[in-house]
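Fold and geometry: a report
Take a look at the letters that make up each chain.
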Amino acid sequence: MISKEEARFLSEEELLKRQRKGATLTATIVAMIAFGIFFFTLYSNM
Amino acid sequence: MSTTTTDLQDEIDALGKSHDNHHHGPEKGVMRWIKTTNHKDIGTLYLWFAFIMLLTGGAMAMVIRAELFQPGLQLVEPQFFNQMTTLHGLIMVFGAIMPAFVGLANWQIPLMIGAKDMALPRMNNWSFWILPFAGAMLLSTLFMKGGGPAFGWTFYAPLSTTFAPDSTDFFIFAIHMLGFSSIMGAINVIATILNMRAPGMKLMDMPLFVWTWLITAFLLIAAMPVLAGAVTMMLTDRNFGTSFFDAAGGGDPVMFQHIFWFFGHPEVYIMILPAFGVVSQIIPTFARKPLFGYSSMVYATASIALLSFVVWAHHMFLTGMPVAGQMYFMYATIMISVPTGVKVFNWVTTMWRGSLSFETPMLWAVAFVILFTIGGFSGLMLGIAPADIQYHDTYFVVAHFHYVLVTGALFSIIAAVFYWLPKWCGRMYNQKLAKIHFWWAVISVNILFFPQHFLGLAGMPRRIPDYSLQFADFNMISSIGGFVFGASFLLLTYIIVDCIRNGERVKEPRVWPSAKGLEWTIPTPAPYHTFDKPPGKELILAESSHTGAH
């Protein structure tokens, strides 16, 4: 999350770009966790 | 580049290109809905889809109650009755309640955190458009050779593997798609809340609806892949010669139950935590007081979520568990009543000495608090291992989870729609009719489900099309309640459609004068694009529903 102080010096485009970068990283990590749980469920029953 | 009235997706595309590429409003016609990446459009799609599935699953419930109106076989064959109970459960859980909450999340989360849209708009579109195909595939099994799945919504092996009809493979594919959609939706919610909040909005500044959805999204990420794993193993057992759940091949059918309920119990909280969030938004508005104990509500929600992963085997007390296991699962289950009690206490305390008024959303919220608590108490009874031996697989269980999911989850969804609909469409519904509908529904739903407690305590098993004469009276009362409750949805449909088409226009941004929250600072109806400029910290604090005066 971008702080109020940081945001003050960012244009709207820069703010969106920063937010998007963080969102993509978050989504990738969360998706990997989900895949990990799926494969662990299968693996633990082999 | 001007950033007024643009789609977030267009802006994302434009960030990687040098030219301007933005729309100034929605497309026209059906393509608007197919191609949309706008969180409000997608929220609307989710809500209508959920409503259609609710009516479909409700029609199946009417078949079930009609068959149970009298002892003996009246209307349908036992095999078809089992298909109805199975598909009713699956459609209500995966097609109605979950998508309805995702619809509310899509509409409200960006508005409540001052974000322009959901973080991943194209994935949002995809998450939704998987659903109709999955739902259609699930329903299509009814028309296949051998009929649809008839093994109950819990699809225990070997009923769902060795002894299931061919259509089960389509059911498995539908569950995979529904799960995939839910996981993508959860990823989007997490990324949106963690990364797209207005600058300066701290986690503890977020409205409780946003908090409950953040925690729900993590539950979805942890639980849905387990369900996907379970149905994948079912698929390979059925078609590729594996024996995960086949005792004859060295597998273990009880393992299926463990895996299913490791998903299934958190699933219950996936369906009820956002309901807690909705009620926590509505009660302060109509009590005209800040929410009592905001931080304890957040911690209670997180505690419930954590505990939901360590209690699954309370659904399996009768599978032959060591006494130590029974004791552990019993105590862990009963522990959930502590954070849940915190929540009920906080809602009541928020109302205490408030300047209460009972507009339609508040009526539904108060009904939720009372009736959900009844469902919680019967859950406590079921969590007591020695007592569960008597209650297990009886109508007491049916009564319990319908109090939680109908008068809990569904009531909160109706409350949310009546709370936010005027903001969404800029029109007010017929409040008199809405109140008539409330009393109609709340009385009939109790006639429908309360007698089922007595049936269960007297020993009537669930999932049977016929029963002993001693259960006749309560079944008849329950069926009459069911038909009346079912009919109430015709009035609900009329109220909503009438509101959207002919409702009295509302212009005030704050539709409910005592409401607090960023969503009430934007014009009414909510413009297609909102928060092109994120709100400032002062506005965030001023609009907090848990601090300051109302």
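All of these numbers come straight from a predicted model, not from anything done at the bench.

Next up on the list: the overall build of chain A. Per the secondary structure count, chain A includes two helices and zero strands. For chain A, the spread of C-alpha atoms along the three principal axes comes to 55 × 15 × 5 Å. A burial count over chain A gives 35% of its 46 residues as buried. As displayed, chain A has an accessible area near 3100 Å², and 68% of this comes from carbon and sulfur atoms. Of note, chain A has its 6 positive side-chain charges centred 5 Å away from the centre of its 5 negative side-chain charges.

Attention now goes to the interface of chain A and chain B. Listed by partner, the interface residues are 26 residues for chain A and 36 residues for chain B. The junction of chain A with chain B conceals about 2700 Å² of combined surface from both sides, 72% of it contributed by carbon and sulfur atoms. The interface formed by chain A and chain B includes one salt bridge. The salt bridge involving A:Glu12 is made with B:Lys533; its shortest N-O contact spans 2.9 Å. Seen at the junction of chain A and chain B, the total is five residue pairs in polar contact (both at pLDDT 80 or more). Looking at the side of chain A that touches chain B, the elements that each hand over two or more residues are helix H1 (4–8) and helix H2 (12–43) of chain A. When residues in the side of chain A that touches chain B are grouped by element, the largest group, 19 residues, is from H2(A). Along the lines of polarity and charge, the residues of the side of chain A that touches chain B split into 15 nonpolar, six polar and five charged.

A separate point is helix H4 (residues 78–113) of chain B. All names here are of chain B. Along its 36 residues, H4 runs 50 Å from first to last C-alpha, staying within 8% of the 52 Å computed at 1.5 Å per residue. Residue methionine 92 marks the point of greatest curvature in H4, where the axis turns by about 35 degrees. One or two steps after H4, the chain reaches glycine 114, where phi turns positive at roughly 70 degrees.

Here we take up the environment of B:Pro99. All names here are of chain B. Along the chain, proline 99 turns up in helix H4. Distance from proline 99 to serine 181, taken between C-alpha atoms, is 9.6 Å for residues 82 residues apart in sequence. The residues contacting proline 99, other than those within four sequence positions of it, are Tyr46, Phe49, Ala50, Val93, Phe94 and Leu131.

All names here are of chain B. Considering the arrangement of structural elements, one finds serine 357 in the loop between helix H11 (337–351) and helix H12 (360–383). Within the local environment of serine 357, its side chain forms a polar contact with the side chain of glutamate 359, the two groups lying 2.7 Å apart. The contact partners of serine 357, leaving out residues within four places of it in the chain, are Phe286, Arg288 and Met362.

Rules used in this analysis
- Each chain has its residues counted from 1, running along the sequence as written.
- Labels are handed out in written order, letters beginning with A for the chains and numbers beginning with 1 for the ligands.
- Local features in a predicted model are, by the rule used here, given only for residues with pLDDT of at least 70; side-chain atom pairs are given and counted only at 80 or more, and totals for whole chains, interfaces and linings are based on all residues.
- The basis for every side-chain value is the complete set of heavy atoms in the structure, and neither hydrogens nor water enter the calculation.
- Strands here mean DSSP runs of E at least two residues long; helices mean DSSP runs of H or I at least four residues long; both are numbered from the N terminus.
- Burial status follows relative accessibility: with a 1.4 Å probe on protein chains alone, a residue under 20% of its type maximum counts as buried, one over 50% as exposed, and anything between as partly exposed.
- Surface accessibility follows the Shrake-Rupley procedure with a 1.4 Å probe radius. Residue values consider only the protein chains on display as shielding.
- In summary, the charge assignment counts Lys and Arg as positive and Asp and Glu as negative, without counting His or the chain termini.
- Working definition for charges: the position is that of NZ of Lys, CZ of Arg, CG of Asp or CD of Glu.
- In what follows, a contact means two residues having at least one pair of non-hydrogen atoms within 4.5 Å.
- A simple way to read buried area is as the amount of 1.4 Å-probe accessible surface that goes missing from two parts once joined, with both sides added.
- The term salt bridge refers to a side-chain nitrogen of Lys or Arg lying within 4 Å of a carboxyl oxygen of Asp or Glu.
- Polar contact is the term for a pair of N or O atoms within 3.5 Å; when the atoms are in protein, one must be able to donate a hydrogen and the other to accept it, and sequence-neighboring residues count only if both atoms are side-chain atoms.
- Each residue is assigned to one class: nonpolar for Ala, Val, Leu, Ile, Met, Phe, Trp, Tyr, Cys and Pro, charged for Asp, Glu, Lys and Arg, and polar for all the others, Gly among them.
- The span expected for a helix works out to 1.5 Å for each residue beyond the first.
- Fitting axes to the seven residues ending at a residue and to the seven starting there, one defines the bend at that residue as the angle between these axes.

Limitation: the analysis is restricted to geometry and does not speak to function.
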